[in-house]
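Architecture at a glance
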Amino acid sequence: MVMTRMSGLLHKSGCATVALALGCATPLAAQDRSVAWGYNSFGTPGLIDMPSAFGRSDGELSFTTSHFKNQTRNTLTFQVSPRLSASFRYALLYDIRPSPGDPIADFRFDRSFSLQYRFADEGRYRPALAFGINDIVGTGLYGGEYLVASKTFSPKLRATAGLGWGRLGSKNGFSNPLGAVFGDRFDTRPGSTDGLGGSFEPDIWFRGDAAFFGGVEWQINDRWRLTAEYSSDDYAREDGATFDVKSPFNFGASYRYSDRLSLDLRYLYGSEVGIQFTYAVNPKNPRFGSGLDTAPPPILARDAARAPLDPASRSFATAVRRALGDEGIALDGLSAEGKTLRVQIRNDRYAIASQAVGRTARVLTRLAPSEVEVFDIRLTAEGTPATSVVLRRSDLERLEFHPVAPDLLRVNTQITDVTGSLPPIDGRYPAFTYGIAPYLTTSLFDPDEPLLADIGLAFTARYEPVAGLVLSGRVHQKVVGNLDGGTRESTSVLERVRSEAYLYYQGGDTTIPELTAAYFFRPADDIYGRVTAGYLESMFGGVSAEVLWKPQNSRLALGTELNFVKQRDFDQLFGFRDYETFTGHMSAYYDLGGGYHGQLDVGQYLAGDVGATLSLGREFDNGWRVGAFATITDVSAEDFGEGSFDKGIEVTIPLDWITGRPNKTRLTTVVRPVLRDGGARLNVSDRLYERVRGVQSTDIDATWGRFWR
Amino acid sequence: MKWLILAAAFGALSACQPALQRIAGTQAPQQANLSRAEPGAPVMRVQIPSRNADAELSRVATTNGVETWLAVDNISLAFREGVLVGSRGLGFDLMAADATGTLTAMAGQGPPVYRRQMRYLTGDHQSTYLMAGCSMTNAGAESIGGQRLTRLEEKCTARGDVFTNIFWQNAEGAVVETRQWVSPQIGYFRSSFANARPRPIEISLD
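For the structure given in this document, a descriptive report is provided here. Remember, predicted model here, so these are calculated numbers, not experimental data. (Residues numbered from 1 in each chain as written. Chains lettered and ligands numbered in written order. Predicted model: local features only at pLDDT ≥ 70, side-chain atom pairs only at ≥ 80, totals over all residues. Heavy atoms only, no water.)

Across its full length, chain A carries 10 helices and 31 strands. The C-alpha radius of gyration of chain A comes to 28 Å, within 12% of the 27 Å expected for a compact globule of 709 residues. By residue count, 57% of the 709 residues in chain A fall in the buried class. If you sum the accessible surface of chain A, you get close to 27300 Å²; carbon and sulfur atoms cover 58% of it. Both charge centroids of chain A, one from 76 positive and one from 84 negative side chains, sit 7 Å from each other. (Helix = DSSP H or I, 4+ residues; strand = E, 2+ residues; numbered from the N terminus. Rg over C-alpha atoms; globule rule 2.2 N^0.38 Å. Buried < 20%, exposed > 50% of the residue type's maximum accessible area, 1.4 Å probe, protein only. Areas by Shrake-Rupley, 256 points an atom, 1.4 Å probe, with all protein chains shown as cover. Lys, Arg positive; Asp, Glu negative; His and termini not counted. Charge placed at Lys NZ, Arg CZ, Asp CG, Glu CD.)

Here you go:
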C-alpha cells in the first residue's frame, strides 16, 4: 500500500503531478574508487546475480527492475551511509516451487528487505570487505547471506570473491566453516517457521552449507562494462520449473546511458537472457544545481534609493507589500521604530527559508529610508510568528559580492524565537485562496493487485479570517483509475480502521478528503500549538489538538497530540459510521547529527491498540528524506495478520529539486508492504514539527549560503 | 534568387530573436522583477555556448563599484570593472568571487601568481568554495569590431578545472570584451559592451 501526498501550501495531500525526467545525457562523472560500478539483478551493488563489497555513492537512491525467464525483481535501494546500503524488493515469480522439492506454484509475489554493510574499506593490498543479508523480514524465498571481498586491480578491472549461505550457499555447498568456530548449531539451516512473513529470523542467518562465488568486472570505457561471474545459487526452486539451470556461469554487458540511467543485458545460467534497467539519483546532485530561480533584486546602497517614503505611512507598507509580492513573499505585518524596521512575512515560494529572508532583506534595502539600519525579518509558520532574523543593513550593502559573504553576514545576525505578532497591515485579513491541481493516489504491493491508481482533479480552498485561523477544504473528482478494482476483503479481527480502504476507494468519484477549521497559536516561548476540527482525513473526522516544544537550535523536540475521532462513511462526504475512538501520542524528535533523524511516538492507535512507533531517516538540507518506520503494539502477530506488524519506507522529494523552479511542495510516498489495522495512526494535516522546523535557526543556519541566492 | 537569399536571411534573423531575448535558453520568465534599467544605461551582449543563449543585458544597479546587469528573463551577471563577481539564475551560479587579484594583475602589478576565490552552492544548499591559482599574460594587440584592443589572458587552475579568462581592454584601459568562466557546469560566457563602457560610478559607504 502506497500513499502519495504533497505537503504544499494549498495541496496538502493526494496530489502528485510529477514525472521524473529520464536520462538526459550529462557529462559522466569520474568513477570513485570506493564506489560499485553497477547494481546486480537483486538491485544491490554487485555483479550479475552475486553481490560485491563496494557500495554506491553516499545517499544514492536507485530503482532497478530486472527480468529474466518468468521472474521480475523490482528493487528500491538506498545508500544509507558510505558503508551501509538497504534495499526493499518485490518480485513477481511464475512457475516456482515455494521451497525446493515442493510442487510448482503458478505465481508468487515475494517481498524482501536486505542490508549490506562494508566493514573494511579497500586498502593498498587489502580488498574491501562486506557482509549482507538478503531477506531480513520477508517470506524467505530469497533468503541468503554472504561475506564478500572485492579488489580493484586497475581503474578498469575489479575482482570479487565471496562465501554465501542459504540460497547463496546452494551450488557446490560444503559444510559451514562457521560451525567449526561457533559450534554445531551453525551446521544446519532451520526451515522458515514464519507463515505470515515480516518477522526477523536471525536464527537462520549464516546457517547451513556454505559455497563460494566470484566474478570479474571490466570497465571498457565510460559507458560500457563487461562482467563474468560464477554463481553459488543453484536456483533449486526454479530449476526445471521456471527455467533450466545448465551452467553456474553468467555473463553481462552494461551500458551507462547517463549519470542516472543504465541498462544491462545478461546471459544467465547457460540458458536464459536477462535484461535490467537501473535509474539512480543522488539527492546531493539536482539537475539544476542551485536552481533556476530568477535573479533577486540587487541591493541598493542607501544613497541610491529613490525618494524614500515615511515608514509609518500606508503607502510605504503598500510599496513593501508589492515588492515582496513580486518575490512570492506575503507581508503579514510591519512596524518601524527609530533605526529598526520590522516585517513579518509569509514565504509562499521558497523551499529554503534563508532565501526568503535574503530576498526580503534585498527588497527592504531598496525601499527603507536611509536612517533605518536594522532589519528584523520575522518568519511565520501557519500565520503565527516563529523566528526573528535581525540583520544590519550596512552589512548587506557591504557584502553583496563578497567571496565569504555568508559567514561575514552571520557574525552580526541574530536568529531568535519570537512569539508576538507585528500589527497586521491593512487588508491582510481576511485572506482567501483557492486552487485546482491534479492528484494521484496509488495502492501498490497489494498481494492480489500490485498496481492500483486513481488520477483526478483536486479543488482546494483556504480562508483565513484572522492570523492563525485557517478554514480549508479539498474536493477530489476522480477522472480515471482502477483503485476501486481492489477487492481484497478485510479479514481483520481488529477494528477495521485501515483494512477497508478498498471500500473507501469504491465509495464515490467525488469525495471530500478534508474539510477542517484549524487554529495555530504560540502559547509560550519555544512552544507551538494547533487545534484542528472537522473531516480530518478521508477515513476519520473529529478533533485533533497538538502541542510542540521545539526550542531554536535544540536537537530535541517533544510533542503531544490528542485526537477524538469517528470513522467516516465510505462515500467520504459528510456522514459517519459507528466506530469512534480516542487516539493520541507523546512524541520525541531527535536530530542525531550528520543528517540522521529519529522519532519515537508512544500512545494509543486508531484501533485502540497501545504501543510505539520508531522512525529513522536520513535528511538532506534540500528537503530530501529517506526513512523507515516500524510500529509495535499490544496486537499479536496473529491478530495483526500478514506482515505481523506495521512497517514501511518513506521517501520525500522536494518538487523544486526536480523542476529547478522555486516551490515549497514536497512529494512524500509511504511504501508499506501491507496496510492493516494494527499500529495505524491518524493522518491529520499540518502536524507542527514539520511546519516549524524549516523556519527555525537550525535549518536556516544549515542553508545560510542560500540567503544570497 | 536575390529574394530567396533575402527571405532566408530574414527567416534566420527572426529565428534568432527569441534566443536574443532569453539568456536561460528555453526557460520562461517566472515573474516581473522590480529591478529596472538605469535610464540611458549602456547595453551588454552576452553569449553562453553551454546554454545556446544569446541575450542583451541592461545595467540595473551599481553598488560599491559592482555593476549588476539583468536580462529580460531575470538572469543577472555582476561585474567589478569588467571582471565577473557573480551570476544568478543560471542554476550552477557563481555566488560571489574575488576580483582584486585579477584587477591588480590587469594593471600590471601584484605577484605573478595570485589567488581567486569563488563561491558556489551545492545541491544541498551549502556554500562551497573553489580556490583558483591564476596568472595573467598580455597577449598583445587585437582588432575586434574595428576597435584596437589589448588582449589579456588569465590562466587559472582550481582542483580539476583549468580555465582561461580573456579580457580585451581599450586604449583607456577599460575592459570592453571578455570571455570568462562561471562554473564547471556552465563553462564560459562571452560579453561585449555595445557602447563604449563608461567608468563605473563609485559610491562610498565609509
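Counting residues in hydrophobic clusters, the biggest one holds 51 residues, and the most contacted among them are Ile 377, Leu 391, Phe 707 and Trp 708 of chain A. The biggest single contributor to this core is helix H3 (residues 353–367) of chain A, with 6 residues. Setting aside chain neighbours within four positions, we find Leu 391 of chain A in contact with Val 357, Ala 361, Glu 373, Val 374, Phe 375, Ile 377, Leu 409, Thr 413, Trp 704 and Phe 707 of chain A. In this structure, Ala 71, Ile 75, Leu 84 and Phe 163 of chain B belong to the second largest nonpolar core, which totals 41 residues. (Core = buried A, V, L, I, M, F, W, Y, C linked by side-chain atoms within 4.5 Å. Contact = heavy atoms within 4.5 Å.)

All names here are of chain A. In spatial order, the strands read E2-E3-E4-E5-E6-E7-E8-E9-E10-E11-E12-E13; together these 12 strands close into a barrel with antiparallel pairing. Within the sheet, the average angular offset between the axes of one strand and its neighbour, ignoring direction, is 20 degrees. Across 5 bridges, the pairing between strand E5 (residues 105–120) and strand E6 (residues 128–133) is antiparallel. Opposite Gln 116, over in E6, you have Gly 132 as the bridge partner. (Pairing = 2+ DSSP bridges. Axes fitted to C-alpha atoms, helices over the stretch in contact; angles between N-to-C directions.)

The next point concerns unusual backbone geometry. Residues and elements named next belong to chain A. Cis geometry is adopted by the peptide bond preceding Pro 430, which originates at Tyr 429 and carries an omega value of 0 degrees. Positive phi, normally seen in glycine, also occurs at Phe 206, with a value near 60 degrees. The residue Phe 206 is located in the loop between helix H1 (177–182) and strand E9 (210–219) in this model. Phi at Tyr 269 takes a positive value of approximately 50 degrees, unusual for a residue other than glycine. Tracing the chain through its elements places Tyr 269 in the loop between strand E12 (261–268) and strand E13 (272–281).

Looking now at the pairing of strand E9 (residues 147–158) of chain B. All names here are of chain B. Across 10 bridges, strand E8 (residues 127–144) lies against E9 in antiparallel orientation. In the strand pairing of E9, Asn 138 is matched with Leu 152. The loop that links E8 with its antiparallel partner E9 comprises 2 residues; one of these, Gly 145, has a positive phi angle of about 55 degrees. One ladder, built from 9 bridges, connects E9 with strand E10 (residues 161–169); its direction is antiparallel. Bridge pairing links Thr 157 to Val 162 in E10. Once E9 ends, the chain turns through 2 residues before running back antiparallel as E10, passing Arg 159 with a positive phi of about 45 degrees.

On to the sheet that holds strand E15 (residues 340–347) of chain A. All names here are of chain A. Here 5 strands make up an open sheet; going across it, the order is E14-E15-E16-E17-E18 and the pairing mixed. The open sheet is flanked by strand E14 (329–337) and strand E18 (414–417), the only strands paired with a single partner. Neighbour to neighbour, the strand axes of the sheet diverge by 20 degrees on average, direction disregarded. Where E15 meets strand E16 (residues 374–381), 6 bridges bridge the pair, whose relative direction is parallel. Along E16, the bridge assignment pairs Ile 345 with Leu 379. Running over the sheet, helix H2 (residues 314–326) touches E14 and E15 and is turned about 145 degrees from E14.

Describing an aromatic ring pair means giving the distance of the ring centres and the angle of the ring planes. For the structure on display, the rule yields 28 aromatic pairs over all chains. Judged by centre distance (6.2 Å) and plane angle (55 degrees), the rings of Tyr 117 of chain A and Phe 131 of chain A are tilted. Pair noted here: Tyr 117 of chain A is in strand E5 and Phe 131 of chain A is in strand E6, with a separation of 14 residues, a long-range link. With a relative accessible area of 32%, Tyr 117 of chain A lands in the partly exposed category. Between Trp 624 of chain A and Trp 657 of chain A the ring centres are 5.1 Å apart and the planes differ by 75 degrees, which places this aromatic pair in the edge-to-face class. Of this pair, Trp 624 of chain A sits in the loop between strand E28 (610–619) and strand E29 (625–633) while Trp 657 of chain A sits in helix H8 (residues 655–659), placing them 33 residues apart in sequence. An aromatic cluster is defined as three or more aromatic residues linked by ring pairs; in this entry it consists of Phe 68, Tyr 235, Phe 243 and Tyr 269 of chain A. It is Arg 179 of chain B that lies over the ring of Tyr 188 of chain B; its NZ or CZ is 3.9 Å from the centre. (Phe/Tyr/Trp six-rings, centres within 6.5 Å; stacked < 30°, edge-to-face > 60°. Lys NZ or Arg CZ within 6 Å of the ring centre and 35° of its normal.)

The next point concerns a nonpolar patch on the surface. Residue and element names in this part refer to chain A. Together, Trp 549, Leu 556, Leu 558, Tyr 590, Leu 592, Leu 600, Val 602, Leu 614 and Leu 616 line one region of the surface with nonpolar side chains, adding up to about 770 Å² of accessible area. Those elements that place two or more of their residues in the nonpolar patch are strand E25 (556–568), strand E26 (576–593), strand E27 (596–604) and E28. By secondary structure assignment, the location of Leu 600 is in strand E27. Assessed through its relative accessible area of 39%, Leu 600 is described here as partly exposed. (Patch = residues over 30% accessible without salt bridge, like charges linked within 9 Å, V, L, I, M, F, W, Y side chains within 5 Å. Salt bridge = Lys/Arg side-chain N within 4 Å of Asp/Glu carboxyl O.)

Residue and element names in this part refer to chain B. With the rule as written, the count across this model stands at 1 disulfide over all chains. Linked covalently through their sulfurs, Cys 134 and Cys 156 form a disulfide whose S-S length is 2.1 Å. Between Cys 134 and Cys 156, the S-S torsion sits near 110 degrees, and that sign places the bridge as right-handed. Within this pair, whereas Cys 134 is found in strand E8, its partner Cys 156 is found in strand E9, the two being separated by 22 residues in sequence. (Disulfide = S-S within 2.5 Å.)

The subject of this paragraph is the side chain of Arg 111 of chain A. Residue and element names in this part refer to chain A. Mapped onto the elements, Arg 111 comes out in strand E5. With relative accessibility at 14%, the residue Arg 111 sits in the buried group. A distance of 2.5 Å separates the side chain of Arg 111 from the side chain of Glu 642, its partner in a polar contact. (Polar contact = N/O pair within 3.5 Å; in protein donor to acceptor, adjacent residues only side chain to side chain.)

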